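Observations on chain architecture
Spelled out, the chains give:
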Amino acid sequence: MSRLRPIQLMFSLGAGLALTACIETAPPEALAPVSEGIDEVRIVASVGCTRSTQGSGNLCQTISDPDRIARIEAFVDARLEGWSTPFAGAPILSIHVQFYRNGEFIESFGIGAESFERRTFLSRRAKRLEVDEALSLVDLNRSHLRHRTDDPIPG
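Small disclaimer: the values here were computed from a predicted structure and weren't measured.

Turning our attention to the overall build of the chain. A count of helical and extended segments in the chain gives 3 helices and 7 strands. Written out in order from the N terminus, the α and β elements of the chain read α-β-β-β-α-β-β-β-β-α. Residues classed as buried in the chain amount to 37% of the 155 residues present. Across the chain, every contact between residues at least 6 apart in sequence was considered, and the portion connecting residues at least 24 apart equals 62%. By element, 56% of the accessible surface of the chain is carried by carbon and sulfur atoms, the whole surface being about 9,800 Å².

Here is the structure:
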């Protein structure tokens, strides 16, 4: 049996760790559509908004217009397939679209630069155009995808 040299061992371990970061803990699953009767949507972001909320992030806006809510729900509901939890855990996203019915929190949809999140730790890869569409629906832009520790938003 040959002995691995330290560099070979480090390379093997590094490659193994990189591979496990891409492995999902369970097969992708399909999610149910956003619940019926949503009457309020709150947009919360880590940066770029000033009204404090409980938990992380600040409130950017509250949406109660039924037509806007329906467009946001349709966007989320068009993406019911392919949700999973990566081995390393779901990405930490800086924008959350929170759905409420009669003042009660129902669920959240997270928006990141390259992924979306639903439920607890379920994520799904997103194309740049999908992210841009989601941001447009909630009147935000890519500068809101940053985290508090990133450089400040210009201007």
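Once you've had a look at it, read on.
Moving on, we get to empty space enclosed by the protein. Per the stated rule, a full pass over the model turns up 1 cavity of 30 Å³ or more. In this structure, the largest cavity encloses a volume near 40 Å³. Lining the largest cavity are Ile-72, Phe-75, Val-76, Val-97, Phe-109, Ile-111, Ala-134, Leu-137 and Val-138. Residue contributions to the lining of the largest cavity peak at 3 residues, all from helix α2 (residues 66-77).

For α2, spanning 12 residues, the distance from its first C-alpha to its last is 16 Å, which sits close to the expected 16 Å at 1.5 Å a residue. Within α2, the full set of buried residues consists of Arg-68, Ile-69, Ile-72, Glu-73, Phe-75 and Val-76. Each buried residue of α2 sits inside an arc of 155° when the element is viewed along its axis, so together they form one side. When the buried face of α2 is taken as reference, the exposed residues oriented beyond 90 degrees from it are Pro-66 and Asp-67. Buried residues along α2 sit against β1 (40-45), β3 (58-63), β4 (95-101), β5 (104-111), β6 (115-118) and α3 (128-137).

Another aspect to go through is α3. When α3 is considered as a whole, its buried residues turn out to be Glu-130, Val-131, Ala-134, Leu-135 and Leu-137. Seen from one end, α3 has its buried residues packed into an arc of 160°, which puts them on one side. Of the exposed residues in α3, the ones pointing more than 90 degrees away from its buried face are Arg-128, Leu-129 and Ser-136. Lining the buried residues of α3 we find α2, β4, β5, β6 and β7 (122-125). Downstream of α3 by a residue or two, Asp-139 has a phi angle that is positive, lying close to 55°.

For the rest of this paragraph, the subject is the pattern of salt bridges. Side chains that differ in sign of charge can pair as their charged atoms come close. A full pass over the atoms with the stated rule returns 7 salt bridges. Taking the shortest distance from any N to any O, the salt bridge between Arg-42 and Glu-40 comes out at 2.7 Å. Arg-79 is the salt-bridge partner of Glu-133, the closest N and O atoms lying 3.9 Å from each other. Highlighted residues: Glu-133 in helix α3 and Arg-79 in the loop between α2 and β4, separated in sequence by 54 residues. Overlapping salt bridges bring together Arg-79, Arg-124, Glu-130 and Glu-133 as one network.

Attention shifts here to the nonpolar core. Ranked by size, the top nonpolar core spans 29 residues in total, and within it Val-41, Ile-43, Val-97, Phe-99, Phe-109, Ile-111 and Phe-116 carry the most contacts. Mapped onto this core, the elements with two or more residues apiece are β1, β3, α2, β4, β5 and α3.

Rules behind the numbers
Residues numbered from 1 in each chain as written. Predicted model: local features only at pLDDT ≥ 70, side-chain atom pairs only at ≥ 80, totals over all residues. Heavy atoms only, no water. Helix = DSSP H or I, 4+ residues; strand = E, 2+ residues; numbered from the N terminus. Buried < 20%, exposed > 50% of the residue type's maximum accessible area, 1.4 Å probe, protein only. Contact = heavy atoms within 4.5 Å. Areas by Shrake-Rupley, 256 points an atom, 1.4 Å probe, with all protein chains shown as cover. 1 Å grid on protein atoms, 1.4 Å probe; cavity = no way out; pocket = protein on both sides within 12 Å on 5 of 7 lines; lining within 4 Å. Points joined across faces, edges and corners; volume = space filled by probe spheres on them. Expected span 1.5 Å × (residues − 1). Arc of directions from axis to C-beta. Salt bridge = Lys/Arg side-chain N within 4 Å of Asp/Glu carboxyl O. Core = buried A, V, L, I, M, F, W, Y, C linked by side-chain atoms within 4.5 Å.

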